[in-house]
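# Understanding the architecture of this molecule
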Amino acid sequence: MPVGADGFRLPNVNESIAKNKLEWLTGPGQNECCRTFVINEEDHTLGNALKHVIIQNPAVEFCGYTIPHPMERKIHVRIQTNKTPAVQVLHEALKDEVKRYEETHLPQESEEMVSQ
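Residues numbered from 1 in each chain as written. Predicted model: local features only at pLDDT ≥ 70, side-chain atom pairs only at ≥ 80, totals over all residues. Heavy atoms only, no water.

### Some details on the environment of Leu94
Going by this rule: Working definition: helices are DSSP H or I runs of at least four residues, strands are E runs of at least two. Numbering for both runs from the N terminus. Relative accessibility thresholds used throughout: buried, under 20% of the residue-type maximum; exposed, over 50%; partly exposed, between the two (1.4 Å probe, protein chains only).
Mapped onto the secondary structure, Leu94 falls in helix 2 (residues 86-115). By relative accessible area, which is 30% here, Leu94 ends up partly exposed.

This is how it looks when you write it as structure tokens:
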């Protein structure tokens, strides 16, 4: 199994390169308010940040994430809410994370451009 410079498995030529970034699992225990999302090409960095943002939402009863296997670059994020759709909670958390990133990183980048 070939491994890339970052220590993660390189895709096999027989594997599909194009994957959806966000998917969700189907089956028993999955409904509008209780859902497990699969986020491809991500790791603990996003998983832990999302979990902390989502758990602060008062509508959330439970939130956790797992990495199914260390050699797979994907995370499973489980969200259980009272009545709010889980996809809405995830969407709000992702928007919060983008906003937080822009507030912390974009001012630094613009300062670096000015100083050059």
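### Observations regarding helix 1 (residues 44-55)
The test is simple: Multiplying 1.5 Å by the helix residue count minus one yields the expected span of that helix. Comment: arc refers to directions from the helix axis out to C-beta atoms. Here a polar contact is taken to be a pair of N or O atoms separated by no more than 3.5 Å, where protein atoms must pair a possible hydrogen donor with a possible acceptor and residues adjacent in sequence count only if both atoms sit in side chains.
Under the 1.5 Å per step criterion, the end-to-end length of helix 1 is 16 Å for 12 residues, consistent within 8% with the ideal 16 Å. Listed as buried for helix 1 are Leu46, Gly47, Leu50, Val53 and Ile54. Angularly, the buried residues of helix 1 cover 140° about the axis, an arc narrow enough to put them on a single face. Between a side-chain oxygen at the N-terminus of helix 1 and the backbone nitrogen of Thr45 the separation is 3.1 Å; the capping residue is Asp43.

### Thoughts on the sheet that holds strand 2 (residues 34-40)
For clarity, the cut-off: Paired strands, in this sense, are two strands between which DSSP finds at least two bridges. Note on geometry: axes are lines fitted to C-alpha atoms, helical ones only across the stretch in contact, with angles between N-to-C directions running from 0 to 180 degrees.
The antiparallel open sheet is built from 4 strands, whose spatial order is 1-2-4-3. Looking at the sheet topology across the chains shown, the edges are occupied by strand 1 (22-24) and strand 3 (60-66). Neighbour to neighbour, the strand axes of the sheet diverge by 20° on average, direction disregarded. In this sheet, strand 4 (residues 74-81) lies alongside strand 3 in antiparallel orientation, the contact comprising 6 bridges. Bridged to Tyr65 within strand 4 is Val77.

### A short note on the pairing of strand 2
Judged by how many residues are buried, strand 2 sits mostly within the fold: 7 of 7 residues are covered. Going residue by residue along strand 2, you find Cys34, Thr36, Val38 and Asn40 tucked away on one face and Arg35, Phe37 and Ile39 tucked away on the opposite face as well. Summarising the sheet, strand 1 and strand 2 pair through 3 bridges and their orientation is antiparallel. Bridge pairing in strand 2 links Trp24 to Phe37.

### Describing unusual backbone geometry
Here the phi dihedral of Glu41 falls at roughly 60°; this positive angle occurs in a residue that is not glycine. Within the element layout of this structure, Glu41 appears in the loop between strand 2 and helix 1. Note on Glu41: relative accessible area 45%, which makes it partly exposed.

### Details of the packing of aromatic side chains
Just so we agree on the cut-off: Here the aromatic set is Phe, Tyr and Trp, taking the six-membered ring for Trp, and pairing holds for ring centres within 6.5 Å; pairs whose planes are under 30 degrees apart are stacked, those over 60 apart are edge-to-face, and all others are tilted.
On inspection of all chains with the given rule, the structure shows 1 aromatic pair. Both rings, one in Trp24 and one in Phe37, keep their centres 6.1 Å apart while their planes meet at 85°; by these two values the pair is edge-to-face. With Trp24 in strand 1 and Phe37 in strand 2, the pair connects residues that are 13 residues apart, well separated along the chain. The partly exposed category is assigned to Trp24, whose relative accessible area is 45%. Here Phe37 falls in the buried class, since its relative accessible area comes to 0%.

Just geometry here; none of it tells us what the structure is for.
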